[in-house]
Amino acid sequence: MNIFLFLLSFFPLFPSGSSIIEGFPANSFDALSLVSVITRFPNGNTNVCGGVLIGPSIAMTAAHCVFSNDEFALTAKVTLGDVNLSKQDDREQEFRSHAMAISKQFLNGVSEANDDVAIVFLPKRADVCESAISPQIAKLPSTWSLNFKETPNIPSQFQLENSVCWIAGWGKTENTTASHSDTVRQMTVKLSIRRIGRRKYLMARGVLGTSRTCMGDSGSPVYCFIDGKRTLIGTVAHIGSFVKMSQQDPSNHLQFCRDFEYTFISDWRESSERIAEILEKYGELEQLNEGQDMCFGSGKL
């Protein structure tokens, strides 16, 4: 698989916030590895997305957050510990990046949910895992040495479908484009494997029947309690179709989101192979293991 790394200079960004439909204020313990990802494109548009820290200087988000209409974003502002998008938070760490990578499948438009992942390389390492309440790297279901393809896919389908899981992000709650909630919110979800055509997909459905993900939640992490630990399961890929979503009039966004009970998830058990190939290509694969040792080694978190 060929991987594409895109490097461009930084421009200041001026993002606006948003939040999950019928969600609730995020529990700070449940979103310690959550990052906001604000990207600016050559046409002047900006995207608000979620993301997650998976290595000391590696953030993962959705590919369509950094690549849209056949163009890469010019820049990405990645913020760890970002509770309120419009102001500086106590533990906030902000990074301005111009280094992004996605897989060839997504670039060629022959993609599905598990291809909709991207890496944003941070210009320096984040300060993480200094205490149980400080920002941290996400607990991964599995990591690899260079022979990562031999690692079994865990957790099991039974574990996923019977665990307490949640999504945290800044997805839209209002139809207007300029008036959004500014704070990160979360929703409790139930995961399931659903067959659509010939393929199986990992899907998330709000436990509260009216809760939904919406524009702004793309790339947001999906966590579950696995063996008693908050574990990254994947990231939000799209609601219905992100292509159709992008074609919607902003005044109809909320209704579009409410029409879809299920959210497509980039399943770590599948998408991590794309991520690992990106990291291996650029000599950063060992950051996965290093990050897990830093934050979850013996006697830690």
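Predicted, not measured: the structure shown is a model, and the values here were computed from it.

S.K.: Can you help me understand the overall build of the protein in this one?
M.R.: Looking only at helices and strands, the protein features 7 helices and 17 strands. The buried share of the protein, taken over its 301 residues, is 54%. Sequence-distant contacts in the protein: of pairs separated by 6 or more residues, those separated by 24 or more amount to 75%. Element-wise, carbon and sulfur atoms account for 48% of the exposed surface of the protein, whose accessible area totals about 13,100 Å².

S.K.: Would you mind showing me how to read helix H6 (residues 268-281) here?
M.R.: One turn of the α-helix equals 3.6 residues, which is why residues spaced by three or four share an orientation. Helix length check: H6, at 14 residues, gives a terminal C-alpha distance of 19 Å against a target of 20 Å (1.5 Å per residue), a fit within 8%. Across the 14 residues that make up H6, a large majority, 10, are buried. The set of residues buried in H6 consists of Trp268, Arg269, Ser271, Ser272, Arg274, Ile275, Ala276, Glu277, Ile278 and Leu279. In the stretch just after H6, Gly283 is the one whose phi turns positive, near 70 degrees.

S.K.: Can you help me understand the pairing of strand S8 (residues 75-80) in this one?
M.R.: The side chains of a regular strand alternate, first on one face of the sheet and then on the other. Here S8 lies mainly inside the structure; 6 of its 6 residues are buried. By the bridge criterion, 6 bridges tie strand S3 (residues 34-40) to S8 in an arrangement that is antiparallel. If you follow Ser36 over to S8, its bridge partner there is Thr79. Here 5 bridges tie S8 to strand S9 (residues 93-97), and the two strands are oriented antiparallel to one another. Bridging across to S9, Thr79 finds its partner in Glu94.

S.K.: How should helix H7 (residues 286-296) be read in this particular structure?
M.R.: For H7, every residue scored as buried is listed here: Gln287, Leu288, Asn289, Gly291, Gln292, Cys295 and Phe296. Of the surrounding secondary structure, the elements contacted by the buried residues of H7 are strand S4 (46-55), strand S5 (58-61) and H6.

S.K.: Sorry if this is basic, but what is going on with the packing of aromatic side chains here?
M.R.: Aromatic ring pairs: the centre-centre distance and the angle between the two ring planes describe each pair. Enumeration according to the criterion identifies 6 aromatic pairs in this entry. Aromatic pair Phe67 and Phe106: ring centres 6.5 Å apart, planes at 80 degrees, arrangement edge-to-face. Pair noted here: Phe67 is in strand S6 (residues 67-68) and Phe106 is in helix H2 (residues 104-107), with a separation of 39 residues, a long-range link. The same class applies to Phe67 and to Phe106, which are both buried. Seen in terms of ring centroids, Phe121 and Tyr282 are 6.1 Å apart; in terms of plane orientation they differ by 70 degrees. Their pairing is edge-to-face. Of the two residues, Phe121 sits in strand S11 (residues 118-121) while Tyr282 sits in the loop between H6 and H7, which places them 161 residues apart along the sequence. For Tyr282, a relative accessible area of 29% puts it in the partly exposed group. Aromatic rings pair up to connect Phe67, Phe72 and Phe106 into one cluster.

S.K.: How should I be thinking about empty space enclosed by the protein in this particular structure?
M.R.: Where empty space is left in the structure can be found by rolling a water-sized probe over the atoms. Tallied over the full model, the rule gives 2 cavities of 30 Å³ or more. Here the largest cavity defines a volume of roughly 60 Å³. Considering the residues around the largest cavity, the lining is formed by Phe29, Asp30, Ala31, Leu32, Ser33, Gln136, Ile137, Ala138, Lys139, Tyr223 and Arg230. Each residue belonging to the lining of the largest cavity can be placed in one class, and the counts come to 6 nonpolar, 2 polar and 3 charged.

S.K.: Help me understand the state of the cysteines in this model?
M.R.: Note on terminology: disulfide describes a covalent bond linking the sulfur atoms of two cysteines. In the structure shown here, the tally under the stated rule is 3 disulfides. The side chain of Cys49 participates in a disulfide bridge whose partner is Cys65; the two sulfur atoms lie 2.1 Å from each other. Classification of the bridge connecting Cys49 and Cys65 rests on its S-S torsion, roughly -95 degrees, and on that basis the disulfide is left-handed. Here Cys65 lies in helix H1 (residues 63-66) and Cys49 lies in strand S4, a separation of 16 residues in the sequence.

Thresholds, definitions, all that
- Residues numbered from 1 in each chain as written.
- Predicted model: local features only at pLDDT ≥ 70, side-chain atom pairs only at ≥ 80, totals over all residues.
- Heavy atoms only, no water.
- Helix = DSSP H or I, 4+ residues; strand = E, 2+ residues; numbered from the N terminus.
- Buried < 20%, exposed > 50% of the residue type's maximum accessible area, 1.4 Å probe, protein only.
- Contact = heavy atoms within 4.5 Å.
- Areas by Shrake-Rupley, 256 points an atom, 1.4 Å probe, with all protein chains shown as cover.
- Expected span 1.5 Å × (residues − 1).
- Pairing = 2+ DSSP bridges.
- Phe/Tyr/Trp six-rings, centres within 6.5 Å; stacked < 30°, edge-to-face > 60°.
- 1 Å grid on protein atoms, 1.4 Å probe; cavity = no way out; pocket = protein on both sides within 12 Å on 5 of 7 lines; lining within 4 Å.
- Points joined across faces, edges and corners; volume = space filled by probe spheres on them.
- Nonpolar A, V, L, I, M, F, W, Y, C, P; charged D, E, K, R; others polar.
- Disulfide = S-S within 2.5 Å.

These values are about where atoms sit, not about what they do.
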